[in-house]
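So you can see what is in the structure, the chains are spelled out below.
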Amino acid sequence: MALSAKAPGSYTVKSGDTLGAIAEKYDTTVGAILKANPQISNPNQISVGQQIKLPGASGGTGGASPQPSQPKPPPKKPPPKKPAPAKDKDDDKDSKAARKLVFPLWKKPTASWKDGPRYFGCPRSGGRKHGGVDLYAPFGSKIRAIADGVIIRPPYFFYDGTNALEVFHPGVGVVRYGEISSSKRVNVRAGQKVKCGEHIAYVGLLDSLGMSMIHFELFGERARGQALTQMSGPYRRHPALKNPTPLIDKLHRLTFK
Ligand SMILES: [Zn+2]
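Residues numbered from 1 in each chain as written. Predicted model: local features only at pLDDT ≥ 70, side-chain atom pairs only at ≥ 80, totals over all residues. Heavy atoms only, no water.

In the annotation of an unreviewed UniProt entry, the protein is listed under the name LysM peptidoglycan-binding domain-containing protein and assigned to Polyangium fumosum.

Colleague: Break down the nonpolar core for me, citing the residues and quoting the values.
Modeller: Ranked by size, the top nonpolar core spans 42 residues in total, and within it Ile146, Leu165, Tyr177 and Phe216 carry the most contacts. Elements supplying a minimum of two residues to this core: β3 (133–136), β5 (149–159), β6 (162–169), β7 (173–180), β9 (199–202), β11 (211–219) and α4 (245–256). Ranked by size, the runner-up nonpolar core spans 12 residues in total, among them Leu19, Tyr26, Val30 and Ile46. (Core = buried A, V, L, I, M, F, W, Y, C linked by side-chain atoms within 4.5 Å. Buried < 20%, exposed > 50% of the residue type's maximum accessible area, 1.4 Å probe, protein only. Helix = DSSP H or I, 4+ residues; strand = E, 2+ residues; numbered from the N terminus.)

Colleague: Give me the lowdown on a positive patch on the surface, citing residues and values where you can.
Modeller: On the surface, Arg99, Lys100, Lys193 and Lys195 cluster together into a positively charged patch. Following the sequence through the fold, lysine 195 ends up in the loop between β8 (193–194) and β9. Taking the relative accessible area as the measure of exposure, lysine 195 reaches 55% and is therefore exposed. (Patch = residues over 30% accessible without salt bridge, like charges linked within 9 Å, V, L, I, M, F, W, Y side chains within 5 Å. Areas by Shrake-Rupley, 256 points an atom, 1.4 Å probe, with all protein chains shown as cover. Salt bridge = Lys/Arg side-chain N within 4 Å of Asp/Glu carboxyl O. Lys, Arg positive; Asp, Glu negative; His and termini not counted. Charge placed at Lys NZ, Arg CZ, Asp CG, Glu CD.)

Colleague: Quick rundown of the environment of proline 234? Include the residues and the values.
Modeller: Following the sequence through the fold, proline 234 ends up in the loop between β11 and β12 (241–242). Taking relative accessible area as the criterion, proline 234 reaches 44% and is therefore assigned partly exposed. Sequence separation between proline 234 and glycine 127 is 107 residues; the distance between their C-alpha atoms is 7.0 Å. Contact partners of proline 234, with chain neighbours within four places excluded, come to Gly127, Arg128 and Lys129. (Contact = heavy atoms within 4.5 Å.)

Colleague: Explain the pairing of β3 residue by residue, including any values.
Modeller: The two faces of β3 match: Val133 and Leu135 on one face and Asp134 and Tyr136 on the other face are all buried. Sheet topology places β3 next to β11; four bridges connect them, and they run antiparallel. Residue pairing across strands places aspartate 134 opposite histidine 215, the latter belonging to β11. (Pairing = 2+ DSSP bridges.)

Colleague: Go over the pattern of salt bridges with me, naming the residues and quoting the values.
Modeller: Per the counting criterion, the structure on display carries six salt bridges. A salt bridge links aspartate 115 to arginine 118; the shortest N-O distance between them is 2.6 Å. Between aspartate 134 and arginine 124 there is a salt bridge; the shortest N-O distance is 3.5 Å. Of the two residues, aspartate 134 sits in strand β3 while arginine 124 sits in the loop between α3 (89–97) and β3, which places them 10 residues apart along the sequence. Given the relative accessible area of 2%, aspartate 134 is considered buried. One continuous salt-bridge network, built from bridges that share partners, spans Arg176, Glu217 and Arg237.

Colleague: Could you give an account of the coordination of the zinc ion, naming the residues involved and the relevant values?
Modeller: Only His130 (NE2), Asp134 (OD) and His215 (ND1) from the protein reach the zinc ion as donors, at distances of 2.0 to 2.1 Å. The sequence motif formed by the donor residues of the zinc ion is H-x3-D-x80-H. For the pair formed by histidine 130 and aspartate 134, the shared burial category is buried. (Donors = N, O, S within 2.8 Å, 3.2 Å for Na, K, Ca; no water.)

Right, here's the structure in full:
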């Protein structure tokens, strides 16, 4: 799609759009878009055909005052690639306990798990923080075990019409594969061993958002078998919750190099 030189005041949401992608396209941020569009209560919840006021445009009701146009900064250059450190303790540990690792999807996710509403720690409604990363993929895509492991809890109701599945992967931790399909299911039972790469679930569909993804959560081993969703703390999760971003980065690198 061609981007006109003059930024329009509003944008019509098209199929496949996310607020993150729109923000990037118009050189703004999701936060600024949300500020200019107080009608959007859930950043995940935008629909095709919806009009979104672009920050800085006049005539809206968002209360954001028009901003003077600023000279565009030069495009960011990626930082020079550093050679991989010779010794990485975590890698050593993983190579002992989990020799094989693979990305949970056969194809790359359709959006980065490090921006938009998808990243770990992203603010959610009610002051909660996002306790995992979201890997966008078409509804019904196969999900595989990222390493050898054992099923802790077979699929149970999770969120917005989707299920979750908990697997302990030695050397990695407890993984909750969240927002998996409740209609398309793989039969797994508690205590069952799974192999790295084994098909364990399908990507689910969030009923009210019409979106599909894996919501991927990672915990330390001590969370095994305990309630992962809790009422306290910014994440409302078991205190052994970890940021899964470095793991997902690594799986992606290993699988799609
Ligand atoms: Zn999520």
